[in-house]
Amino acid sequence: MKKSAREIVESSRSITRRGLMLGGIQAAVVATLGWRLKTMQLDRAHEFRLLSDGNSIKLRLLPPARGLIHDRNGIVIAGNEANYRATITREEAGDPAVVIARLRHLIPMTDTAVAALLADIGRRSAITPVVVADRLTWDQFASIAINAPALPGVTPGSGLSRSYPRGGDFAHVLGYVGPVSDYDLSKIENPDPVLMLPEFQLGKLGVEAKLEPQLRGKAGTRKVEVNSAGREMRELERIEGEQGATVQMTLDAPLQNFAIQRLGEESAAAVVLDVQTGDILASASAPTFDPNLFVRGISGADYRALMEHDHRPLADKTVQGVYPPGSTFKMVTLLAGLDAGVIDGGSHFYCPGYTTVAGRRFHCWSRGGHGSVGPVQSLERSCDVFYYELAQKLGIDRIAAMARRLGIGVRHDLPMSAIAEGIAPDRAWKKARYDQDWQVGDSINSSIGQGYVLASPLQLAVMTARVATGREVRPRLVRAIDGAAVPADAFADLGLAGAHLDIARAGMDAVMNGDRGTAGKSRIVAPEWRMAGKTGTSQVRNITAAERARGVISNDQLPWERRDHALFVCYAPVEAPRYAVSVVVEHGGGGSAVAAPVARDILLFALAGGLPPLDAYPPGQRDGIAEMQARMRLAPVPVAQAAGRARA
Amino acid sequence: MSYLDYGSDQTPTGWRKILHMNWPLVFLLAAVASAGFLMLYSVSGGRAEMWAEPQLERFGVGMVAMVALAFVPIWFWRSISVVAYLVCLGLLVLVDVVGHNAMGAQRWLDLGPVKLQPSELMKIALVLLLAAYYDWLDLGRVSRPLWVLIPVLLILTPTALVLVQPDLGTSLMLVAGGGLMMFVAGVSLWYFGAVIALVGGLVFAVMKSRGTDWQLLHDYQFRRIDTFLDPSSDPLGAGYNITQAQIALGSGGWSGRGFMQGTQSRLNFLPEKHTDFIFTTLAEEFGFIGTVSLLSLYALILAFCLYSALTNRDRFASLLTLGIAATFFLYFAVNMSMVMGLLPVVGVPLPMVSYGGTQLMILLMAFGIVQSAHVNRPR
């Protein structure tokens, strides 16, 4: 079909017209696209750049290394150890079962553990690392690293974990750390984001909990690039955290170790105080437990065993345990009497073995009686009747006031958990507590540290230190934080007359060194370490008149939990006191027979700065002491580390 | 006298035809394709064998095919237009019956070594047929209703076949491509106004149909519309793709993050980053300078085609050239609008850049036809 020339021109015009229109439309569209590009890429670039970075850049926290805890000599008593572990990522492992089967040639794994692990791996997303093995030895860790080509997806790694190199020695004072629980978080307002890290360890108890802010340190940060599945692709920036402060305790690791060993299998507590500074040199509660178990996640069986143990190993008996102080309380009553002017150094009371008040008979521990007893002999021979008579004249309120002055019934502020206040009872207290009026019998019981009176071993040590120095000694536990010494308080004078204190001190001296002292057997013969002390034996049951008529049953015949508590407080040297010690042996029997030798040994260890020489002991006991010292398995004392900042 | 008219007093013959090809167009196409290789290399994370190399091979084959087609005399295309259209129609029927299923749609014919996507072929065949139709038709009858109805049916028949695959994107492209052919051929603007009004009404009806038992679109298509209208309403679900694409695009800024430094694509935030969304990676890594450069290349290709068409005295050749350029235009305009959030997400690749064998080869062959029209234009 041949077209005419007119048609061709016509067609050409039409096409030109429409073609240019089309070109115009296209140009308009291209311009629109260009405009859109300009608004998005130039005008709003900043906004989109932020969104893009928010997509791909994530801030990850680096848990800080926890501050170390040193004893007073610079020995690490709570440190950090590298925790070697291996993780597996399903995406890279391919078939995790095969990889784990190979891994079992390198590290021991039980069938049940493997089954649980495989189930866990299956549940998690393919890129989430799952811990296959924790707390590997260096050899195991190295063998995994060397065999990496045969173990696709397995990554060996390490983190820091708390460790307590001295085992159970400091378990009660320091407490322990553990993973952060939901309960922990619920208690904290505005929790530090570092707490959300799965591997983070939080102080749960004791010093670890109380000094958490100092010990925690500051978290570091890591900027990482992640892909759309959340997998880390590379690290962009790393700011290391700051390790927590190094805390130096007043505790003395060798002494603490000796005290724990010396208390042995008993359910007992011992506190050693420096009477000049108030430093707690040892705070031992037996039996103890291994805090490392809690850090690693204690097994149900282990935890049940600790909970069900009748000696309550988890309780810190030095500050949480309160006991009727028994005769160790007599210094309080005596000083109250002297201070009130009710008696003086020459006063005497007659002890026929009992006294009768309001038709009720109160017995002295000595059935035959002590005859005429003055203040010094009242302590030396621990005459009860002397205090029964004194208490009636004195009244309870003045005894209670003296008790609080000497540190009993007062809460001592220390960074430890559940510190008990004890009870220094008075009229107002009984009214408030039981809505009953105070009876004279209550005063009589209280005068010898029975009845309502309750004191912790720490309070007894404080009392002893205050009697020894006449100053308001306050215990302390932290010596320095990050190398900066915590200043020791200058203790105020108690305001007690020196003559009165000397009477009490003479009585305590006589307990050890007098002719008829109740603890003469436990004396120290080295003259420069001469010690003063006071025994206490507190009943945990009432002796009924019928029982007394049948004759008091000896402790050996009673079941353990009904036996008397054995107590002893002491200080030395008598002339220039340095250390005060209190010992409580729960249901141990008699204070002089059970608690005094323990207290003496601990006191001697503190005085000697190590195992005491045998010639400090009375000659007849030296063979037995030597044998006991040889039997003890004391922890070796590491070479003292320089105090100050040590990087983990 | 421009180089385009150099020695053009006579239609060249034999090997001399190669000298008379529209070489600027060839270079522009190569430049766009090179941008494609670069981006494919980047999104594969430096593994050329993944996408960049196969794409390069197909480009090579496509270029040879383009040059070969440039030698074909223009009358040949007019002669085979009806046959080509019918063959493509047959293939579309075939693909609906025995097609290879990919991503929930039957679009592919598996022919042993090659997978053929007949809907892509149909775009070109439709252009050929409509060009031949309007070349044959008297200019005076172009706007007569009966003669308007015939091309409409020619357009809607393959559209319907593509729609049932289902492939909404390509069917809309067919309608738009055919429509532009009719526009260029001089059909009265009143028809276009009527159609636009009709489409507006239809859209309204479609939106109304949602949730009723006469629902006109798939649920996923409705969701795409929702996402288009407000991508932030579901940033992690259906709106994820478009939100991430816009973040990548916008974060490029003036000069981009640098080659292979785009975090959005390298870290897998971008969907289909080697096909439909490849433009976002270019935008992220080369910024505004890169995107405007590519847009300019596309615009230049259109300009050269337009010039070639308007200077060609053969009505068929002009229509053909304008039709193929319009199809090309639709590709990149829709793709860019889609990733920039101006249009809902429909599966349209970025021409010459997105990874895809059929699409690249067919485009190059189509430009071979444009070259043929250019070389063999009457002098």
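Here the residue index of a chain counts from 1 through its sequence in written order. Naming scheme: in the order in which they are written, chains are lettered from A and ligands are numbered from 1. Predicted model: local features are reported for residues with pLDDT of at least 70 only, side-chain atom pairs are reported and counted for 80 or more only, and whole-chain, interface and lining totals are derived from all residues. To obtain the side-chain values, all non-hydrogen atoms of the structure were included, while hydrogens and water were left out.

**Focus on the overall build of chain B**
Secondary structure elements follow DSSP: runs of H or I no shorter than four residues count as helices, runs of E no shorter than two count as strands, and numbering proceeds from the N terminus. Within chain B, the secondary structure is distributed over 13 helices and three strands. Burial classification: accessible surface area is computed with a 1.4 Å probe over protein chains only, and a residue below 20% of its type maximum counts as buried, one above 50% as exposed, and the rest as partly exposed. The 379 residues of chain B split such that 55% are buried. The contact definition used throughout considers only heavy atoms, calling two residues in contact when any of these lie within 4.5 Å. Restricting the contact set of chain B to residue pairs at least 6 apart, pairs at least 24 apart contribute 72%. Each accessible area is a Shrake-Rupley result for a 1.4 Å probe, and residues are judged covered by the shown protein chains and nothing else. Carbon and sulfur atoms make up 69% of the accessible area of chain B, which totals about 15700 Å².

**Things to note about the packing of aromatic side chains**
Planes of paired rings set the category: under 30 degrees apart is stacked, over 60 is edge-to-face and the rest tilted, where pairs are Phe, Tyr or Trp rings (Trp by its six-membered ring) whose centres lie within 6.5 Å. Counted according to the given criterion, the structure contains 32 aromatic pairs over all chains. A ring pair is formed by A:Phe349 and A:Phe386, whose centres lie 5.1 Å apart and whose planes are at 80°; its orientation type is edge-to-face. Of this pair, A:Phe349 sits in strand β13 (residues 349-351) while A:Phe386 sits in helix α16 (residues 384-394), and the two are 37 residues apart along the sequence. Considered together, A:Phe349 and A:Phe386 belong to a single accessibility category, that of buried residues. A network of ring pairs unites the aromatic residues B:Tyr298, B:Phe328, B:Phe329, B:Phe332 and B:Phe367 as a single cluster. In this scheme, Lys NZ or Arg CZ marks a charge over a ring once it lies within 6 Å of the ring centre and within 35 degrees of the ring normal. The ring of A:Tyr354 is capped by A:Arg361, whose NZ or CZ atom sits 3.9 Å from the centre of that ring.

**Thoughts on the sheet that holds strand β9 (residues 232-239) of chain A**
Within a sheet, neighbouring strands are paired by backbone hydrogen bonds and run either parallel or antiparallel to one another. Residue and element names in this part refer to chain A. When DSSP finds two or more bridges between two strands, those strands count as paired. Read across the sheet, three strands follow the order β1-β8-β9 without closing on themselves; strand pairing throughout is antiparallel. Of all the strands in the sheet, just β1 (57-62) and β9 have a single pairing partner and so form its edges. When strand polarity is set aside, the average angle formed by the axes of neighbouring strands in this sheet is 30°. Summarising the sheet, strand β8 (residues 220-226) and β9 pair through six bridges and their orientation is antiparallel. Bridged to Lys223 within β9 is Glu237. An axis is simply a line fitted to the C-alpha atoms; with a helix, the fit covers only the stretch in contact. Between two such axes, the angle follows the N-to-C directions and lies from 0 to 180 degrees.

**Overview of helix α4 (residues 118-136) of chain B**
Compared with an ideal rise of 1.5 Å per residue, which puts 19 residues at 27 Å, α4(B) spans 26 Å between its outermost C-alpha atoms and is within 8% of the ideal. Counting buried positions along α4(B) yields 17 of 19 residues, so the element is predominantly enclosed. Expected span of a helix, by definition, is 1.5 Å for each gap between consecutive residues, and there is one gap fewer than residues.

**Describing helix α13 (residues 357-375) of chain B**
With 19 residues, α13(B) should reach 27 Å at 1.5 Å per residue; the first-to-last C-alpha distance of 26 Å fits that figure. With 17 of 19 residues buried, α13(B) lies mostly within the body of the structure.

**Quick look at the environment of A:Leu106**
With respect to the helices and strands, the residue A:Leu106 is situated in the loop between α4 (96-103) and α5 (111-123). Through-space distance from the C-alpha of A:Leu106 to that of A:Phe386 is 74 Å; in sequence the pair is 280 residues apart.

**Observations concerning the environment of A:Ala504**
Residue and element names in this part refer to chain A. One can find Ala504 in helix α21 (residues 498-513). By relative accessible area, which is 0% here, Ala504 ends up buried. Separated by 494 residues in sequence, Ala504 and Glu10 place their C-alpha atoms 135 Å apart.

**Points about the pattern of salt bridges**
Residue and element names in this part refer to chain A. Throughout this description, the term salt bridge denotes a Lys or Arg side-chain nitrogen within 4 Å of a carboxyl oxygen of Asp or Glu. Scanning the model with the defined rule gives 32 salt bridges over all chains in all. Lys431 is the partner of Asp437 in a salt bridge, and the nearest nitrogen-oxygen pair spans 3.6 Å. When its relative accessible area of 42% is taken as the criterion, Lys431 is described as partly exposed. Within this structure, Arg66, Arg162, Glu208, Glu212 and Arg216 form a network of salt bridges that share partners.

**What about the packing of α4(B) against helix α5 (residues 145-163) of chain B?**
Residues and elements named next belong to chain B. One way to put it is that α4 packs onto α5 with a least axis distance of 11 Å and a crossing angle of 175°. Put simply, α4 runs roughly antiparallel to α5. Each of Ser119, Met122, Leu126, Leu129, Leu130, Tyr133, Tyr134 and Trp136 in α4 lies in contact with α5, whose residues at this interface are Trp147, Ile150, Pro151, Leu154, Ile155, Pro158 and Val162. Broken down by class, the residue content of the contact of α4 with α5 amounts to 14 nonpolar, one polar and no charged. We call two directions roughly parallel when the angle between them is under 35 degrees, roughly antiparallel when it is over 145, roughly perpendicular when it lies between 65 and 115, and oblique otherwise. Here the term charged refers only to Asp, Glu, Lys and Arg, the term nonpolar to Ala, Val, Leu, Ile, Met, Phe, Trp, Tyr, Cys and Pro, and the term polar to all other amino acids, Gly among them.

**Remarks on the state of the cysteines**
Only a pair of cysteine sulfur atoms within 2.5 Å qualifies as a disulfide here. Counted by the stated rule, this structure contains zero disulfides over all chains. The thiol of A:Cys351 is unpaired, and the distance to the nearest cysteine sulfur, on A:Cys383, comes to 3.7 Å.

**A short note on the interface of chain A and chain B**
Facing 41 residues of chain A, the contacting portion of chain B comprises 58 residues. Buried area: the accessible area, evaluated with a 1.4 Å probe, that two parts lose upon being put together, summed over both parts. Summing both sides of the interface, chain A and chain B together bury roughly 4100 Å²; the carbon and sulfur share of this comes to 67%. For this analysis, a polar contact is any N or O atom pair within 3.5 Å, provided that within protein one partner can donate a hydrogen and the other can accept it, and provided that sequence-adjacent residues contribute only side-chain to side-chain pairs. Taken together, the connections running from chain A to chain B amount to 11 residue pairs in polar contact (both at pLDDT 80 or more). If you list the elements that add at least two residues to the side of chain A that touches chain B, you get α1 (5-43), α2 (45-56), β8 and β9 of chain A. For the side of chain A that touches chain B, the element with the most residues is α1(A), which contributes 25 residues. Residues belonging to the side of chain A that touches chain B are distributed by class as follows: 18 nonpolar, 13 polar and 10 charged.

**Considering the domain arrangement of chain A**
Taken domain by domain, chain A consists of domain 1 (84-108 + 116-161) and domain 2 (267-287 + 315-478 + 488-631). Its C-alpha centre places domain 1 of chain A at a distance of 59 Å from the equivalent point of domain 2 of chain A. Where each domain begins and ends is defined by an automated method or by a domain database.

**Examining a nonpolar patch on the surface**
Patch membership requires more than 30% relative accessible area and the absence of a salt bridge. Residues of like charge join within 9 Å; the nonpolar side chains Val, Leu, Ile, Met, Phe, Trp and Tyr join within 5 Å. Where nonpolar side chains cluster on the molecular surface, the patch consists of B:Val93, B:Leu94, B:Val97 and B:Val98 and spans about 350 Å² of accessible area. Residue position: B:Val97 is located in helix α3 (residues 74-98).

**A word on the pairing of strand β14 (residues 354-357) of chain A**
Residue and element names in this part refer to chain A. Of the two faces of β14, the one lined by Thr355 and Val357 is fully buried and the one lined by Tyr354 and Thr356 carries no buried residue. As judged from the four bridges shared by β14 and strand β15 (residues 360-363), these two strands associate in the antiparallel manner. Following the sheet pairing, Thr355 is matched in β15 by Phe362. Turn length for the β14-β15 hairpin, with the two strands adjacent in sequence and antiparallel, is two residues, and the turn residue Ala358 shows positive phi of about 50°.

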